[in-house]
Amino acid sequence: MSLSSFQKRLLLQDIELLKPDFHQYTSAYHRNLSSYKLTMVVPDQESITKRSYILYCALNKIISHLDDLHQVTPFIHYLANNLSFLKVSFNDIDSLCRAFIETRKSYIHPIDSQLHRAWLQATRVFANIVKSYLFSYSNVVSFSAYCPARLSS
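Going along each chain's sequence as written, the residues are numbered from 1 onward. It should be noted that, the model being predicted, local features are given only for residues of pLDDT at least 70 and side-chain atom pairs only at 80 or more, the latter also being counted only at that level, while totals for whole chains, interfaces and linings use all residues. Only hydrogens and water are set aside; all other atoms, that is, all heavy atoms of the structure, feed into the side-chain values.

1. Topic: the overall build of the protein
- Where helices and strands are cited, they refer to DSSP runs of H or I of at least four residues and of E of at least two residues respectively, numbered from the N terminus. On a plain count of helices and strands, the protein comes out with eight helices and zero strands.
- The linear arrangement of helices and strands in the protein, starting from the amino end, is α-α-α-α-α-α-α-α.
- Computed over C-alpha atoms, the radius of gyration of the protein comes to 17 Å, within 12% of the 15 Å expected from 2.2 N^0.38 for 153 residues, which places it in the range of a compact globule.
- Once the C-alpha set of the protein is aligned to its principal axes, its extents read approximately 55 × 35 × 30 Å.
- Accessibility here uses a 1.4 Å probe with only protein chains present; expressed as a share of the type maximum, an area under 20% marks a residue as buried, one over 50% as exposed, and anything in between as partly exposed. Here the protein holds 153 residues, and the buried ones make up 41% of them.
- Here, two residues are considered to be in contact whenever any of their heavy atoms come within 4.5 Å of each other. In the protein, once contacts between residues fewer than 6 apart in sequence are set aside, the share between residues at least 24 apart is 75%.
- Here the Shrake-Rupley method, with its probe set to 1.4 Å, supplies the accessible areas, and only the displayed protein chains count as covering residues. In the structure as shown, the protein presents an accessible area of about 9100 Å², 57% of it carried by carbon and sulfur atoms.
- Here the protein carries 16 positive and 11 negative side-chain charges, and the mean point of each set is 5 Å from the other. This radius of gyration counts C-alpha atoms alone. The globule rule is 2.2 Å times how many residues there are, raised to the power 0.38. Positive: Lys, Arg. Negative: Asp, Glu. His and the chain ends are not part of the count. Where a charge sits is defined by one atom per residue type, namely NZ (Lys), CZ (Arg), CG (Asp) or CD (Glu).

2. Topic: the nonpolar core
- What we call a nonpolar core is a set of buried Ala, Val, Leu, Ile, Met, Phe, Trp, Tyr and Cys residues that are connected through their side-chain atoms within 4.5 Å. With 43 residues, the main nonpolar core has Leu-11, Ile-62, Leu-66, Ile-76 and Trp-119 as its most contacted residues.
- If you list the elements that add at least two residues to this core, you get helix H1 (5–18), helix H2 (22–33), helix H4 (52–65), helix H5 (69–85), helix H6 (90–105) and helix H7 (113–135).
- With nine residues, H7 is the largest single contributor of residues to this core.

3. What about the pattern of salt bridges?
- Here, a salt bridge means any side-chain nitrogen of Lys or Arg that lies within 4 Å of a carboxyl oxygen of Asp or Glu. Counting across every chain of the model gives four salt bridges.
- In this structure, the salt-bridge partner of Arg-104 is Asp-14, at a minimum N-O distance of 2.7 Å. You can see Arg-104 sitting in helix H6 and its partner Asp-14 sitting in helix H1, a full 90 residues away along the chain. As far as the burial class goes, Arg-104 and Asp-14 line up, both buried.

4. Notes on the packing of aromatic side chains
- Two rings belonging to Phe, Tyr or Trp (six-membered ring only in the last case) form a pair when the distance between their centres is within 6.5 Å. Interplanar angles under 30 degrees mark stacking, angles over 60 mark edge-to-face geometry, and anything in between is tilted. Considering all chains together, one arrives at nine aromatic pairs under this definition.
- Ring geometry for Tyr-29 versus Phe-100: centroids 6.2 Å apart, planes at 70°, classification edge-to-face. In this pair, Tyr-29 is assigned in helix H2 and Phe-100 in helix H6, connecting sequence segments 71 residues apart. Each member of the pair, Tyr-29 as well as Phe-100, carries the same accessibility label: buried.
- Members of the aromatic cluster, joined through ring pairs, are Phe-22, Tyr-25, Tyr-29, Tyr-56, Phe-100, Tyr-107 and Trp-119.
- Placement of a positive charge over a ring is assigned whenever Lys NZ or Arg CZ falls within 6 Å of the ring centre and within 35 degrees of the normal to the ring plane. The side chain of Lys-131 reaches across the aromatic face of Phe-90, ending 4.5 Å from its centre.

5. Some words on the environment of Glu-46
- Tracing the sequence through the fold places Glu-46 in helix H3 (residues 45–50).
- In this structure, the C-alpha to C-alpha distance between Glu-46 and Ser-27, residues 19 residues apart in sequence, is 8.8 Å.

Structural data, given as structure tokens:
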């Protein structure tokens, strides 16, 4: 469920293009979040803008290590703890990821289908790790639970 080396390279190249104006990207992301019905406490624009470099570094670290889940998972858990302080809900996680991709699609240069799929995969992995950590969520069905259910239907 991790990224391929090709996807990782695409994403790293993409965030390097975003880096010079990442504070503008975070502003656009914050504006995009307002179109979602989030239950969490969304930090104000100024707070996000002040932390844009930290957010860029976090994004870079996640993408750089998303092909090694054992290495990146503790860092994502740390970020999940920060989200929990904002009272993030299960559904908010998906909305945050969708808003990220929508912002990226409309920002600076267009993204092709390969880059779009890479961002989808990266945000899916991120969301699953966060949901698993905060909400004990798993999208894996055990074989022992699947077989009896399959036989009874």
